[in-house]
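Summary of structural features
What follows is the residue order along each chain.
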Amino acid sequence: MTRKVILDVDTGTDDAIAIMLAAQSRPLDLVACTTVWGNHDVDTTTENTLRTLDLIGRQNIPVYRGLGKPYAPIPFLFEDHVDSEREVIHPHDFPAPTTTRQASQQPAVEWLVETLRATTEQITLVPVAPLTNIAAAITLDPRIVQAIDEIVIMGGAHALGNVTASAEANIWHDPVAADVVLQAGFERVVLVPLDATHKANMSLRHTAALRAIGTPAAGVAADIVEQRIRGYNETQPQAEPDSAPVHDALCIAYLLDPAVVDLAPYHVAVDTVSPLAFGKTFVDVASRTRKKPNAFVALGADADLFNKLLFEALSEGR
């Protein structure tokens, strides 16, 4: 049986690889992509999502345009370095061909609520972007969480921030939305933070191997990873030279083989008020709060298995 998946994205370079991995992996049925603001404005993330699906010939997968600003106002101004780093890693010059296809007319949040209310099958929800759409949908109808067998979130950081010293970008963009989602009562929450994604980096040797596959998807993935490597070399140099994480794709790899990440149950809380820790996910690894775990958190990853799963999917159509 295939697993039905809804992917919520702010495409973005790593989102594009996650989309291709989900769409081309036979154990998964990518029902739709919903888009949200984040790496770019929502018009750009929506167009990039359509372009990615068109590239791999999956025009049958609908795209729903989501929200273009946070669920709750951000009390702290964006800093210039955040915007400049984003442009280096997620440039507006997206590597996939342009498209004339349009997103569906129905707004993403409305579609999510309608679909999850009506489904008779369990659906896996994979948000790899700010959690704005998901929090809004839950607010409209909290019962929709019952239709989700598992929500797999790319976001957060225990020991490693990126947008600030303490926070990861997806959560930092909309911490109140993240807090709403973590408290919504999903049956199973899996959080894949930077601590795991930075242990599954890709390097130039991987991009050379991707190009050797010869499929359009693999070639664009190689371009994207090399762009990310250039960006990380400039803004966040990695321990392994000429390498970079591909955060969002690790969530899809987890659906294909859970052994790709090391999970443990912890209580996770989001800071929504402090200037120094705004957007930080506090992972209570020592159980100091004595609160019941509300998520399975990945603090490690198997880089070899991640790349194996990615290469297998991007070889489809060869």
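My aim in this report is to walk through the structure given alongside it, one point at a time. Not measured: the values here are computed from a predicted model. (Residues numbered from 1 in each chain as written. Predicted model: local features only at pLDDT ≥ 70, side-chain atom pairs only at ≥ 80, totals over all residues. Heavy atoms only, no water.)

1. Things to note about empty space enclosed by the protein
- Evaluation of the coordinates by the stated rule reveals two cavities of 30 Å³ or more.
- Reported here for the second largest cavity is a volume of approximately 40 Å³.
- Around the second largest cavity, the lining residues are L112, L116, L125, I134, A137, I138, I144, I148 and F186.
- Mapped onto the lining of the second largest cavity, the elements with two or more residues apiece are α4 (108-118) and α5 (132-140).
- Looking at which element gives the most residues to the lining of the second largest cavity, the answer is α5, with three residues.
- Across the lining of the second largest cavity, the residue classes break down as nine nonpolar, no polar and no charged. (1 Å grid on protein atoms, 1.4 Å probe; cavity = no way out; pocket = protein on both sides within 12 Å on 5 of 7 lines; lining within 4 Å. Points joined across faces, edges and corners; volume = space filled by probe spheres on them. Helix = DSSP H or I, 4+ residues; strand = E, 2+ residues; numbered from the N terminus. Nonpolar A, V, L, I, M, F, W, Y, C, P; charged D, E, K, R; others polar.)

2. Let's talk about the side chain of E168
- Mapped onto the elements, E168 comes out in the loop between β5 (148-154) and α6 (169-173).
- The side chain of E168 is buried and forms no salt bridge, while R228, the nearest opposite charge, is found at 9.2 Å.
- Only 2.8 Å separates the side chain of E168 from the backbone nitrogen of G156, close enough to count as a polar contact.
- Apart from the residues within four sequence positions on either side, E168 is in contact with M154, G155, G156, A157, N162, V163 and L194. (Buried < 20%, exposed > 50% of the residue type's maximum accessible area, 1.4 Å probe, protein only. Lys, Arg positive; Asp, Glu negative; His and termini not counted. Salt bridge = Lys/Arg side-chain N within 4 Å of Asp/Glu carboxyl O. Polar contact = N/O pair within 3.5 Å; in protein donor to acceptor, adjacent residues only side chain to side chain. Contact = heavy atoms within 4.5 Å.)

3. Observations regarding unusual backbone geometry
- Along the chain, T11 connects to G12 via a cis peptide bond; the corresponding omega equals -10 degrees.
- Its identity is not glycine, yet D242 carries a phi of approximately 50 degrees, on the positive side.
- Turning to its location among the elements, D242 is positioned in the loop between α10 (216-235) and β8 (243-244).
- By relative accessible area, D242 is classed as partly exposed at 36%.
- For R290, which is not a glycine, the phi torsion comes out positive at approximately 60 degrees.
- You can see R290 is positioned in the loop between β11 (281-283) and β12 (295-301).

4. As for the pattern of salt bridges
- Using the criterion set out here, one finds eleven salt bridges in the structure.
- Salt-bridge contacts for R3 lead to E150; the nearest nitrogen and oxygen are separated by 2.4 Å. Of the two residues, R3 sits in strand β1 (residues 3-9) while E150 sits in strand β5, which places them 147 residues apart along the sequence.
- Exposure remark for R3: the relative accessible area of 24% places this residue in the partly exposed category.
- In this structure, E226 engages R211 in a salt bridge whose closest nitrogen and oxygen atoms are separated by 2.7 Å. Taken together, the residues E226 in helix α10 and R211 in helix α9 (residues 204-213) connect sequence positions 15 residues apart.

5. Observations regarding helix α7 (residues 175-182)
- When we look at burial in α7, the residues that qualify are P175, A177, A178, V181 and L182. Down the axis of α7, the buried set is contained in an arc of 155 degrees. They therefore lie on one face. (Arc of directions from axis to C-beta.)

6. Comments concerning the packing of helix α1 (residues 13-24) against α10
- α10 packs onto α1 with a crossing angle of 155 degrees between their chain directions and a minimal axis gap of 9 Å. In terms of their interaxial angle, α1 and α10 are classed as roughly antiparallel. Of the two possible hands of crossing, α1 and α10 adopt the one that is left-handed. Residue-level contacts link T13, D14, A16, I17, M20 and Q24 of α1 to A217, A221, I224, V225 and R228 of α10.
- Residues of the contact of α1 with α10, tallied by class, amount to seven nonpolar, two polar and two charged. (Axes fitted to C-alpha atoms, helices over the stretch in contact; angles between N-to-C directions. Parallel < 35°, antiparallel > 145°, perpendicular 65-115°, else oblique. Left-handed = near helix turned anticlockwise from the far one by under 90°.)

In short, shape yes, function no, at least from these values alone.
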